[in-house]
Amino acid sequence: MKGASFDGMNDCYSVVVDPKDADHLWGIFGEWGGNRGHIAESHDSGLSWKPLTVEAFGGIRPCGLAVFRTEAPYRLVTAVGKRGLVVSCDGGVRWEDYPTNRFEQAREVVSVSKKEGRLYACVGSTLYRAERDGRFQRFFSEPVGNILDWTVSGSRSLVCGREQWTGKKMLPGGAWLSDDGGASWKRIYADPYVSTGLF
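Cut-offs and rules
Residues numbered from 1 in each chain as written. Predicted model: local features only at pLDDT ≥ 70, side-chain atom pairs only at ≥ 80, totals over all residues. Heavy atoms only, no water. Buried < 20%, exposed > 50% of the residue type's maximum accessible area, 1.4 Å probe, protein only. Helix = DSSP H or I, 4+ residues; strand = E, 2+ residues; numbered from the N terminus. Pairing = 2+ DSSP bridges. Phe/Tyr/Trp six-rings, centres within 6.5 Å; stacked < 30°, edge-to-face > 60°. Lys NZ or Arg CZ within 6 Å of the ring centre and 35° of its normal.

### Observations concerning the pairing of strand β7 (residues 84–88)
- With respect to burial, β7 is a largely interior element, five of its five residues being buried.
- Bridge count between strand β6 (residues 75–80) and β7: five bridges; the pairing is antiparallel. Bridge pairing links A79 to L85 in β7.
- The pairing of β7 with strand β8 (residues 96–97) spans two bridges and is classified as antiparallel.

### A closer look at the packing of aromatic side chains
- Applying the stated rule across the entire model yields seven aromatic pairs.
- Considering the side-chain rings of F139 and W185, the 5.5 Å spacing of their centres and the 90 degrees angle between planes classify their relative orientation as edge-to-face. With F139 in strand β12 (residues 136–140) and W185 in the loop between β17 (174–178) and β18 (186–190), the pair connects residues that are 46 residues apart, well separated along the chain.
- Ring plane angle 85 degrees and centroid distance 4.8 Å describe the contact between F140 and W185, whose orientation is recorded as edge-to-face. In this pair, F140 sits in strand β12 while W185 sits in the loop between β17 and β18, placing the two residues 45 residues apart along the sequence.
- Given the relative accessible area of 0%, F140 is considered buried.
- On the basis of relative accessible area, W185 is assigned to the buried category, the value being 15%.
- Members of the aromatic cluster, joined through ring pairs, are Y120, F139, F140, W176 and W185.
- The ring of Y13 carries the charged tip of R61 above its face, separated from the ring centre by 3.9 Å.

In structure tokens, the structure reads:
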């Protein structure tokens, strides 16, 4: 791919597609094993890319990308380290802090994603879901080392994670399932590292 591997940015971490134009993409690119990266845009199905955020986030690689609104200009949301969630209302040219970017602890937002029309943000071992008014509420807070992935389908949700030593105890990895929209969770698979789950 042209324009995607310059200056050591040799990995693609996320891609979202324009809801009205399958040739129009946004992607997150960065260096393997590092924290540098940026968001880029493609108008030819990924054959070539134009960087959008090389300077906007101080070189920090965003984590996760979600696109909202079904017509241009598209609203993009991503997570940038301890700054938390940021939003662009012009397709990725300008960015500002997400209006309800407040979490219970000032920890790093490690990922953001859209599932079935709702915005989710992962902060360490806690998963938050945006309510209809845009405010975030705890969705998953079971004991887990780090959340790696989550899947939502109707009232069913699946969260996958890995174990991690906290300095005092080892928090487990595995897979947790909810059949009631996140009201209760059950650990259905115990393993030190579960990266992805699907229904």
